[in-house]
Amino acid sequence: MSDLLQLKNVSKTFGEVAALRDVNFQVGTNEIVGLLGDNGAGKSTLVKIITGYHQPDAGGQIIWKGKKIEHLSVPLARDLGVEVVYQERALADQQTLWRNIFLGRELTNRWGLLDIKTMTRETRKLMSTVMGFTSSAVSPESTVGTFSGGERQGVAITRALYFEAELIILDEPTMGLSLSETKKCLDFVEGIKKAGKSCIFIDHNIFHVYPVVDRIVVLDRGTVAGQFMKNELTLDELIDRLYRVAQTGSLEQRDQASQ
Ligand SMILES: Nc1ncnc2c1ncn2[C@@H]1O[C@H](COP(=O)(O)OP(=O)(O)OP(=O)(O)O)[C@@H](O)[C@H]1O
Ligand SMILES: [Mg+2]
């Protein structure tokens with residue numbers, strides 16, 4: 001699998017706090033990576049570096065499709081096709097569903113006017129093919145302020161897919177979702193895989209992460225404690241190893257010691 005994104009020796013300190021230390025991290029083309037780790041492990045900081053929000057400390061490298069990026073800014077990350085889906089912040093509550101799908105990237109006709117007809121039609125198509133909205137209460141004209149958390153997330157992921165994001169990042173997307181909404185969110189992650197795109201999926205619940213990812217990376221206190229392909233170990237083995245990380249901060253050493 002070729003690498004879409006590579007971070008090499010990335011560190012990030014905030015004053016005294018080393019949020020990330022010498023992190024090496026990759027996301028392959030069409031790969032779904034689960035990023036696990038306790039509170040404060042550095043997951044969101046890693047995301048913020050990938051989205052250009054934070055600059056890494058000197059010495060680290062960010063490589064996109066094999067090319068070194070000298071200064072990754074928020075607009076550049078967006079241009080490259082990195083999209084983060086936030087549950088609450090991403091949508092304009094007062095606006096309709098079709099407006100939200102096309103927010104900031106509105107389609108216009110040849111006179112430069114908003115092409116509402118096409119945007120509504122595209123939204124209706126996406127509703128059935130991607131979002132799986134079956135409720136008759138929801139139409140392209142619905143105001144998203146009334147949508148459930150899961151529906152909102154669906155809109156945000158659909159928008160990212162529609163606009164050809166290459167890497168979609170979900171930072172704790174199932175937080176506060178009901179069981180059925182969580183299921184839907186996980187379906188969306190599978191949709192990202194099917195669409196041929198890549199994803200970083202952060203969630204505290206490994207029962208959510210395990211089924212939908214190709215690879216799992218475990219962060220512990222700012223460093224990569226271990227990583228493995230999903231098909232290398234069962235969910236039970238994963239749980240066992242996560243306990244080990246919590247106790248020792250490492251996956252690997254204990255493994256060797258126990259052999
Ligand atoms: N802007 C900042 N200024 C100072 N310290 C920060 C900043 N952002 C993060 N940190 C610190 O860096 C460490 C990693 O934080 P981060 O938010 O990346 O953790 P996380 O793995 O996302 O945790 P959680 O699971 O709770 O979301 C923490 O100790 C945090 O307090
Ligand atoms: Mg976080």
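What counts and what doesn't
- Residues numbered from 1 in each chain as written.
- Chains lettered and ligands numbered in written order.
- Predicted model: local features only at pLDDT ≥ 70, side-chain atom pairs only at ≥ 80, totals over all residues.
- Pairing = 2+ DSSP bridges.
- Helix = DSSP H or I, 4+ residues; strand = E, 2+ residues; numbered from the N terminus.
- Axes fitted to C-alpha atoms, helices over the stretch in contact; angles between N-to-C directions.
- Contact = placed C-beta atoms within 7 Å.
- Near = placed C-beta within 6 Å.
- Nonpolar A, V, L, I, M, F, W, Y, C, P; charged D, E, K, R; others polar.
- Core = buried A, V, L, I, M, F, W, Y, C linked by C-beta atoms within 7 Å.
- Buried ≥ 20, exposed ≤ 12 C-beta atoms within 10 Å, placed from the backbone.
- Domains from an automatic or database assignment.
- Parallel < 35°, antiparallel > 145°, perpendicular 65-115°, else oblique.

### Some words on the sheet that holds strand E8 (residues 198–202)
Turning to step 1, where the next piece is worked out: In spatial order, the strands read E6-E7-E8-E3-E9-E10; together these six strands make up an open sheet with mixed pairing. Unpaired on one side and paired on the other, strand E6 (82–85) and strand E10 (223–229) mark the two borders of the sheet. Ignoring which end each strand starts from, the neighbouring axes of this sheet average 20 degrees apart.
Turning to step 2, where the next piece is worked out: For E6 and strand E7 (residues 167–171), the ladder comprises four bridges, and the chain directions are parallel. In the strand pairing of E7, Val84 is matched with Ile169.
Turning to step 3, where the next piece is worked out: Helix H1 (residues 43–50) contacts strand E3 (32–36), E6, E7, E8 and strand E9 (215–220) of the sheet and is inclined by roughly 150 degrees relative to E7.
Turning to step 4, where the next piece is worked out: Strand contacts of helix H8 (residues 235–248): E3, E9 and E10, with the helix running at about 20 degrees to E9, the strand carrying the most contacts.

### As for the site of ligand 1
Turning to step 1, where the next piece is worked out: Taken together, Phe14, Val17, Ala19, Gly37, Asn39, Gly40, Ala41, Gly42, Lys43, Ser44 and Thr45 are the residues near ligand 1.
Turning to step 2, where the next piece is worked out: Secondary structure elements with two or more residues in the shell around ligand 1: strand E2 (17–28) and H1.
Turning to step 3, where the next piece is worked out: Among the elements that take part in the shell around ligand 1, H1 stands out by supplying three residues, more than any other.
Turning to step 4, where the next piece is worked out: Residues that form the shell around ligand 1 fall into these classes: four nonpolar, six polar and one charged.

### Describing the nonpolar core
Turning to step 1, where the next piece is worked out: With 66 residues, the main nonpolar core has Ile168, Val189 and Phe201 as its most contacted residues.
Turning to step 2, where the next piece is worked out: Two domains each put at least three residues into this core: domain 1 (3–90 + 165–257) and domain 2 (92–146).
Turning to step 3, where the next piece is worked out: Ile168 has contacts with Glu83, Val85, Ile157, Ala160, Ile192, Lys197 and Cys199, leaving out every residue within four places of it along the chain.

### A look at the packing of helix H5 (residues 149–162) against helix H6 (residues 179–194)
Turning to step 1, where the next piece is worked out: Relative orientation of the contacting elements H5 and H6 amounts to 10 degrees, with a least axis distance of 9 Å. Judged by the angle between their axes, H5 and H6 are roughly parallel. Facing H5, whose interface residues are Gly149, Gly150, Gln153, Gly154, Ile157 and Leu161, H6 presents Glu181, Lys184, Cys185, Phe188, Gly191 and Ile192.
Turning to step 2, where the next piece is worked out: Taken together, the residues that form the contact of H5 with H6 break down as five nonpolar, five polar and two charged.

### So, the domain arrangement of the protein
Turning to step 1, where the next piece is worked out: Splitting the protein by domain gives domain 1 (3–90 + 165–257) and domain 2 (92–146).
Turning to step 2, where the next piece is worked out: Spacing between the C-alpha centres of domain 1 and domain 2 amounts to 30 Å.

### Observations regarding the sheet that holds strand E1 (residues 3–14)
The strands that make up a sheet are held in pairs by hydrogen bonds between backbone atoms, and each pair lies either parallel or antiparallel.
Turning to step 1, where the next piece is worked out: In space, the four strands of this open sheet follow the order E2-E1-E4-E5, with antiparallel pairing throughout. Each edge of the open sheet is held by one strand with a lone partner, namely E2 and strand E5 (67–69). On average, adjacent strands in this sheet sit at an angle of 25 degrees to one another, irrespective of strand direction.
Turning to step 2, where the next piece is worked out: Note that E1 and strand E4 (residues 61–64) share four bridges and pair antiparallel. In the strand pairing of E4, Gln6 is matched with Ile63.
Turning to step 3, where the next piece is worked out: Contacting E1 and E2, H1 crosses the sheet at an angle of about 60 degrees to E2.

### Notes on the pairing of E9
Turning to step 1, where the next piece is worked out: With five of six residues buried, E9 is to be regarded as a mostly interior element.
Turning to step 2, where the next piece is worked out: As paired strands, E3 and E9 are joined by four bridges and run parallel to one another. The residue bridging Leu35 from the neighbouring strand is Val217, located in E9.
Turning to step 3, where the next piece is worked out: Across six bridges, the pairing between E9 and E10 is antiparallel. Paired with Ile216 across the two strands is Phe228, which belongs to E10.
Turning to step 4, where the next piece is worked out: Once E9 ends, the chain turns through two residues before running back antiparallel as E10, passing Arg221 with a positive phi of about 45 degrees.

### Focus on the environment of Met131
Turning to step 1, where the next piece is worked out: With respect to the helices, strands and loops of the structure, Met131 is situated in helix H4 (residues 116–131).
Turning to step 2, where the next piece is worked out: Here the alpha-carbon distance between Met131 and Ser11, two residues 120 residues apart in the chain, equals 37 Å.
Turning to step 3, where the next piece is worked out: With sequence-adjacent residues up to four places away left out, Met131 is seen in contact with Leu126, Gly154, Val155 and Thr158.

### Let's talk about H4
Turning to step 1, where the next piece is worked out: Burial in H4 covers these residues: Met119, Thr123, Leu126, Met127 and Met131.
Turning to step 2, where the next piece is worked out: Tucked inside the fold, the buried residues of H4 contact helix H3 (97–101) and H5.
Turning to step 3, where the next piece is worked out: Residue Gly132 follows H4 closely and has a positive phi angle near 65 degrees.

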